[in-house]
Structures are given as structure tokens and as C-alpha cells.
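Secondary and tertiary structure notes
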Amino acid sequence: MKRQTIQTVFSFILLGFFVPFVCAEDGSLSSEEETVREMDNLERTAILEGDFATLEQLWVENFIVNNPRNLITPNRNAVVQIVKARGINYSHFDRKVEEVRVFGDTTIVMGSETAVPKNEAVAAHLHRRFTNIWQKIDGSWRMIARHMNDIPKEPVNKY
């Protein structure tokens, strides 16, 4: 009888350890992850459509960007000014989200992007890697930081 009790307790311990991993692998998304994925797509659409009103709602005032020109843009107003001044607008902008990690009120979204600028003489496809960082502020998900870098056209030698 004692041995059966030990086996039962051990079974519950194992079950308690493995159930969260099995449930996480069922393909369903948490409601927070699903919401952030939707917000990330809304931000992508706003960029494509040049919808600055939506972008200003999604980006916090101290939004910071590490951009492909190897510069850090320190706040939302600076980002908007650069986008407007350079006429950054795309005929196509696609984002493939590869990973989303939720850490309480902060979520990290990573993946790749392809964009085709409208103002290029020959439509050049920009291929990038990105990281977007979202934070839940007063009940709403807002983008607080973004990093993007161009993927080189030529393979990079590994060291």
C-alpha cells in the first residue's frame, strides 16, 4: 500500500510538470499573445498606409528605434519626422512573425519583413529582421521599442 501511494504521488508530480508543456504545444495562443499579434499587424498596416494617427496611438511617446541606417531614433516624434521627411512609403510591406514571447506586461515579437519602397526608380525589395517590443500600459498594448536590420544581399562569412 505504501509503495502504491508513493507511485501515485510521483505520478501527480510528473503530471503537474508535463501538463503545462503539453498544453502549450497544442497550437493555441494565449489571449495576450493573440492580442499583441493583432496589434503588431495593425502597426504594419498603418505603416503601409501611412496612417500616422494610428501609429501615434500605437507608439508610446518615448518610443525608440534602432534602424537599418545604424542610427537610434530616440522618440515617436523623431520617428514620424524621419518617415515624413524621407517619404518612406511602401507599395508592399509584409511581416512574418516567427516568435512571440509574453513576459507579463511586456511582449517581444521577432521575425522578418519584406518591403518595396514606392519612391525607388526600380522597385527594390528590402529584406529585414526585426524585433518589436510591446508593453501593456493602462490596459492597452503599446509599442515601446523596435529594432530592424537589413539582411545582406550577399552571404556574410561566418567567423
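Higher on the page you've got the structure.
From a predicted model like this one, the values you see are computed outputs, not experimental measurements.

1. Concerning the nonpolar core
- Ranked by internal contacts, the top residues of the largest apolar core, which has 22 residues, are Trp59, Phe63, Val79, Val109 and Trp134.
- Of all elements in the fold, only helix H2 (31-49), helix H3 (52-58), strand E1 (59-66), helix H4 (76-86), strand E3 (90-103), strand E4 (106-117), strand E5 (126-137) and strand E6 (140-150) reach the threshold of two or more residues within this core.
- Considering every element that reaches this core, the biggest residue donor is E1, with 4 residues.

2. Digging into unusual backbone geometry
- For Asn70, which is not glycine, the phi dihedral falls at a positive 60°.
- Take Asn70: it is sitting in the loop between E1 and strand E2 (72-73).
- Of note, the phi angle at Asp138 is positive, near 50°, even though the residue is not glycine.
- Take Asp138: it is sitting in the loop between E5 and E6.

3. Let's talk about the pairing of E1
- Both E1 and E6 contribute to a ladder of 4 bridges, which runs parallel. Residue Asn66 lies in a different strand from E6, and its bridge partner there is His147.
- Relative to E2, E1 runs antiparallel, the two sharing 2 bridges. By the bridge assignment for E2, Asn66 is matched with Ile72.
- Hairpin geometry of E1 and E2 is characterised by an intervening segment of 5 residues between the two adjacent antiparallel strands and by a positive phi of about 60° at Asn70.

4. Brief notes about the environment of Ile72
- On the secondary structure map, Ile72 appears in strand E2.
- A sequence separation of 75 residues divides Ile72 from His147, and the C-alpha atoms of the two residues are 9.1 Å apart.
- With sequence-adjacent residues up to four places away left out, Ile72 is seen in contact with Ile64, Val65 and Asn66.

Definitions and cut-offs
Residues numbered from 1 in each chain as written. Predicted model: local features only at pLDDT ≥ 70, side-chain atom pairs only at ≥ 80, totals over all residues. Heavy atoms only, no water. Core = buried A, V, L, I, M, F, W, Y, C linked by side-chain atoms within 4.5 Å. Buried < 20%, exposed > 50% of the residue type's maximum accessible area, 1.4 Å probe, protein only. Helix = DSSP H or I, 4+ residues; strand = E, 2+ residues; numbered from the N terminus. Pairing = 2+ DSSP bridges. Contact = heavy atoms within 4.5 Å.

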